[in-house]
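Here is how the chains run, residue by residue.
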Amino acid sequence: MRTRFLQPAIGLLLVFVPCGWAQRARSCADLAHFTAPGVAISKAQALPAGSRMPIPFTAPPQYVVAPAYCRVEGVIDQRIGAGSQPFGIHFALAMPDRWNGDFLMQGGAGGNGIVYAPIGLTAAGDTPALLRGYAVVSTDTGHTSHNGAFDFSFVKDQQAYLDFAYQANPEVAALAKQIIAQHYGRPAAYSYFVGCSTGGREGMILSQRFPTVFNGIIVGDPAMRTGLSNLAIGQWIPAAFNQIAPRDAEGKPVIAEAITDADRKLIVDALMKQCDGVDGVVDGMISNPLACHFDPAVLTCKPGETGSCLAPAKVAAIRKAFGGPKTSQGIQVYPGFLYDAGIAATSGIPGILVPGPGIFGPPPTATHVDVEAEALKAVQPLVDSMATNLSTFAAHGGKLIFYHGDSDPWFSPLDTVDYFKEMAAANGGLAAVSQWSQFYFVPGMSHCGGGPSLDRFDLLTALSNWVEKGVTPQSVIATGKAFPGRSRPLCPYPQHAQYKGEGNTQDAGNFACR
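Residues numbered from 1 in each chain as written. Predicted model: local features only at pLDDT ≥ 70, side-chain atom pairs only at ≥ 80, totals over all residues. Heavy atoms only, no water.

Enquirer: Can you lay out the packing of helix α5 (residues 226-242) against helix α8 (residues 371-378) for me, pointing to particular residues and giving the numbers?
Expert: The contact between α5 and α8 brings their axes to 8 Å, and the two run at 140°. With respect to each other, α5 and α8 are oriented oblique. Of the two possible hands of crossing, α5 and α8 adopt the one that is right-handed. Residue-level inspection shows Gly 227, Leu 228, Leu 231, Gln 235 and Trp 236 of α5 in contact with α8, the latter providing Val 371, Glu 374, Ala 375 and Ala 378. Split into classes, the residues belonging to the contact of α5 with α8 amount to six nonpolar, two polar and one charged. (Axes fitted to C-alpha atoms, helices over the stretch in contact; angles between N-to-C directions. Helix = DSSP H or I, 4+ residues; strand = E, 2+ residues; numbered from the N terminus. Parallel < 35°, antiparallel > 145°, perpendicular 65-115°, else oblique. Left-handed = near helix turned anticlockwise from the far one by under 90°. Contact = heavy atoms within 4.5 Å. Nonpolar A, V, L, I, M, F, W, Y, C, P; charged D, E, K, R; others polar.)

Shown next as structure tokens:
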């Protein structure tokens, strides 16, 4: 890959920076004249406190009120590529006037192609990274989306695909570090990466292929094997529900009617009756998902029974959908999904029990999937983030935190925890790996947020304390709009939050990680 910002930057700092450190930091406007091979700066503007930065994926639009900061925008390797389309790695870097001395890179989303506002919202609780004083950078990873967050038309260009897969982020990070050092007169003390979904995959890639670029990485709901997860949610699950769906006038399955509202209520009520109280309190949350062994077969109608039960074919379809894609020989090619409180969600991202149009358009009408053939096509070596040897990352003092929403309908949390277990086994076992890596289930949470969950938590502080002070996180407090006034501890795997048996059940202090 192109490494001009990785190695030359080290030499630049060693040779020239001591003199620069003795000087006053340059003004923001001076950065308009910043030069580096292949880099074009398009903006260097000082913005006063109170400017608004848009929060992605909010409707109606929401904003973060920013502190005073210097915003630098630019592009790396601008060029004309496949299809005579313009390509280049665009970035935006926000450097607050009151800098805490650290650097944070925020991960992307979907197919990238958009330079989201460099705020650092993910896993930061109530206070985004920029408002804490971090210098924050974001990037489109090498292409411009022409059709929203899931435009993958750029893959026709080889370099754009390589940039998206793994090359752009370390380049942008190294360039951002150079600009930060020039602006403040000293380099960032610590560097962090935080991302969810595609950003989670990017964090994994960085820990695996560029293990010394960041001191700490947070990986949320990672899109770590999108070919296989798309096989699950785009083919396997729809086919299972199409088998039982009523047909339209043309004989095509109407998948949205495969599971009725009454079915969903029946299933969720039975699920919560069985699994909600396992953590010691009935509170609308399943805090110990791996101890929940719900089987919808308990709702199967007996002969002659028609009410408050499910037809055998419907039970079979639900079990198949949640079980995940298997070959004709029963070989699991992608994990199943958890039975959790958010599986029937109809707002935000629909739960698995709410089949319908997918993220890539209308649902398929097929009732069968050739899993063997599709799984072979689904493996994507450049993009998939499955390498488990993280010995260099660990040896340089890196810390890595994973989290995943238990009700995520796009990427199975079981895939992420399976990776964590495999990674731990490859790096000396869970006890050894727990010195530098953790995994957290987030009960009820959909994809990267939402659902009947406590989806607001500050893993960034936990990570920085771990990296900078050597304080291993014991738990992280979570709150959320779904349950006003409630708090719970998120616990590192294999622990879960268990009610102590006394005290206010709304208070995290009355729960222990066990």
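Enquirer: Tell me what's going on with the nonpolar core, and back it up with residues and numbers.
Expert: Membership of the largest hydrophobic core comes to 52 residues, with the highest contact counts inside it found for Val 72, Phe 91, Met 95, Ile 179, Phe 214 and Phe 402. The leading source of residues in this core is helix α3 (residues 158-184), at eight residues. (Core = buried A, V, L, I, M, F, W, Y, C linked by side-chain atoms within 4.5 Å. Buried < 20%, exposed > 50% of the residue type's maximum accessible area, 1.4 Å probe, protein only.)

Enquirer: An account of the confidence of the model for the chain is needed here, citing residue identities and associated values.
Expert: On average, residues of the chain score 94 in pLDDT, and 95% of them reach the 70 mark or higher. Ignoring residues within four places in sequence, the model shows residues 7-24, a span with pLDDT below 50, making 11 contacts including any to other chains. (pLDDT = per-residue confidence, 0-100.)

Enquirer: I'd like a description of the pattern of salt bridges, backed by residues and values.
Expert: Evaluation of the coordinates by the stated rule reveals 14 salt bridges. Between Asp 263 and Lys 314 there is a salt bridge whose closest N-O contact spans 2.7 Å. Of this pair, Asp 263 sits in helix α6 (residues 261-275) while Lys 314 sits in helix α7 (residues 312-323), placing them 51 residues apart in sequence. By the burial criterion, Asp 263 is buried, and Lys 314 matches it. (Salt bridge = Lys/Arg side-chain N within 4 Å of Asp/Glu carboxyl O.)

Enquirer: Please provide a residue-by-residue account of the sheet that holds strand β11 (residues 437-442), values included.
Expert: The nine strands are arranged β1-β4-β5-β7-β6-β8-β9-β10-β11 in an open sheet whose pairing can be described as mixed. In this open sheet, the two edge strands, each paired with only one partner strand, are β1 (39-47) and β11. On average, adjacent strands in this sheet sit at an angle of 15° to one another, irrespective of strand direction. Where strand β9 (residues 216-220) meets strand β10 (residues 399-405), five bridges bridge the pair, whose relative direction is parallel. Within β10, the position partnered with Ile 218 by the bridge is Ile 401. Helix-sheet contacts for α3 involve β1, β4 (69-80), β5 (86-96), β6 (103-106), β7 (135-139) and β8 (191-196), and the interaxial angle to β5 is about 35°. Running over the sheet, helix α10 (residues 413-426) touches β10 and β11 and is turned about 160° from β11. (Pairing = 2+ DSSP bridges.)

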